[in-house]
Amino acid sequence: MILHAVAFTDRGMETGRKLPELASLTRCPRGGLARWTAEHWPQGEGLLFIGAVGIAVRAIAPHVVKKTVDPAVLVLDESGGYVIPILSGHIGGANAAALEIARTIGAVPIITTATDLNGIFAVDTWAVSQKLAIRNPEAIKLISGKLLAGKTVCLSSSFPIQGDYPKGVIKGEPADIVISPRKQPEGALHLVPKCVALGIGCRKGISQTAIEALYQTLSLEDAAVAGVFSIDLKKEEPGLKAFCSAHGFPFYTYSPEQLRNVPGNFSPSAFVASVTGVDNVCERAALMGGGTLWVPKTAENGVTMAASIREPDLTFGG
């Protein structure tokens, strides 16, 4: 983890120098903590305050937003005796960072999250380790609450998961945890793997609205889409570029020759071939993103879409 550290005393600086992996170590100037915190909050992955907990809490208070975006924040006393994660213990990785600091300098980690204290499966920590986006983080506490109460949590996954399920977690329905690239009804904790490549073809001058309308029929979570793929004739298509920008999707294009060389059976179009030099854009382009064809060509109002999917490598344990 990339940690920016600030110390308030000479002894604190000595302790900080025992942590070679720090991105930076600063001796805080008098009155300069607010500025240092504001500068480093969006940088790297976390902040380490070498000093009193109260100072750290006051410094970060104006910046705290929510658990899915806040960086890890830890406090280490100036002598290096105790290290305490105070923000983003699971999703941000502060608990894991505290354990690593403890191993490095022999500090005692003070972990206060209930799941860790009770040896219970922490679903948010696991989701981060598996590179799964957490669609509705407010449901995390419901999962943790059931496990802490000794109840069983049911998990439904669109993909296989290797390893033994954690204590209290079983495969089943109705699901408390759902792993899927598609939108889900409210209720269960929804975890989303980034595993879908979206292939798009369109007529010249197509509107963003037309592309958006067809995309919505696929019922995909934006977090599942690794990128949009098309032919290089569409590299500067305004509606397509605006669609990708609105969703934050990377946009990749390929030559007709590259698309023709994609192996497989596709839905051919003589008209598309006459205009672009390749008989199918969306299916071939989707496969350029990797995986296997998942959603075949679908067309509406001058837009064609297809999707490929790459099975994520999910595992418990190890």
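Details of the structure are given in the entry above.
Each chain has its residues counted from 1, running along the sequence as written. The predicted nature of this model means local features are confined to residues of pLDDT at least 70 and side-chain atom pairs, given and counted, to a pLDDT of 80 or more, with totals for whole chains, interfaces and linings taken over all residues. The basis for every side-chain value is the complete set of non-hydrogen atoms in the structure, without hydrogens or water.

Moving on, we get to the side chain of D176. Each helix is a run of H or I in the DSSP string that is no shorter than four residues. Each strand is a run of E no shorter than two, and both are numbered from the N terminus. Examined against the element boundaries, D176 turns out to sit in the loop between strand 10 (169-171) and strand 11 (177-179). Each residue gets one of three labels from its accessible area relative to the maximum for its type: buried under 20%, exposed over 50%, partly exposed in between, using a 1.4 Å probe on protein chains only. Accessibility expressed as a relative area gives 17% for D176, which makes it buried. In this structure D176 touches I143, K146, T152, V153, C154, A188 and L189, once residues within four positions along its chain are discounted. Residue contacts are defined here by distance: any two heavy atoms, one from each residue, within 4.5 Å place the two residues in contact.

This part takes up the nonpolar core. As a rule of thumb, soluble globular proteins bury nonpolar side chains together. Joining through side-chain atoms within 4.5 Å is the link that ties buried Ala, Val, Leu, Ile, Met, Phe, Trp, Tyr and Cys residues into a set, and such a set is a nonpolar core. With 47 residues, the main nonpolar core has I179, L189, L191, L198, I200, F243 and M305 as its most contacted residues. When sequence neighbours within four positions are dropped, the list of residues in contact with L189 reads V123, I134, N136, A139, I140, I143, D176, I177 and V178.

Quick look at a nonpolar patch on the surface now. The patch calculation keeps residues exceeding 30% relative accessible area without a salt bridge and links them within 9 Å when they carry like charges or within 5 Å when they are nonpolar (Val, Leu, Ile, Met, Phe, Trp, Tyr). Each accessible area is a Shrake-Rupley result for a 1.4 Å probe, and residues are judged covered by the shown protein chains and nothing else. Salt bridge criterion: a side-chain nitrogen from Lys or Arg within 4 Å of a carboxyl oxygen from Asp or Glu. On the surface, Y82, V108 and I110 cluster together to form a nonpolar patch covering roughly 250 Å² of accessible area. The topology assignment puts Y82 in strand 5 (residues 82-87).

So, about the sheet that holds strand 12 (residues 189-193). Taken in spatial order, the five strands line up as 7-12-11-8-10 in an open sheet, and their pairing is mixed. A single partner strand is all that each edge strand has here, and the edge strands are strand 7 (132-134) and strand 10. Neighbour-to-neighbour, the strand axes of the sheet open up by a mean angle of 25°, direction not taken into account. Relative to strand 12, strand 11 runs parallel, the two being bridged by three bridges. The residue of strand 12 that forms the bridge with V178 is H190. Pairing between two strands is assigned when DSSP locates at least 2 bridges connecting them. Structural elements are reduced to axes, namely lines fitted to C-alpha atoms, with helices fitted over the stretch in contact, and the angle between N-to-C directions of any two is expressed from 0 to 180 degrees.

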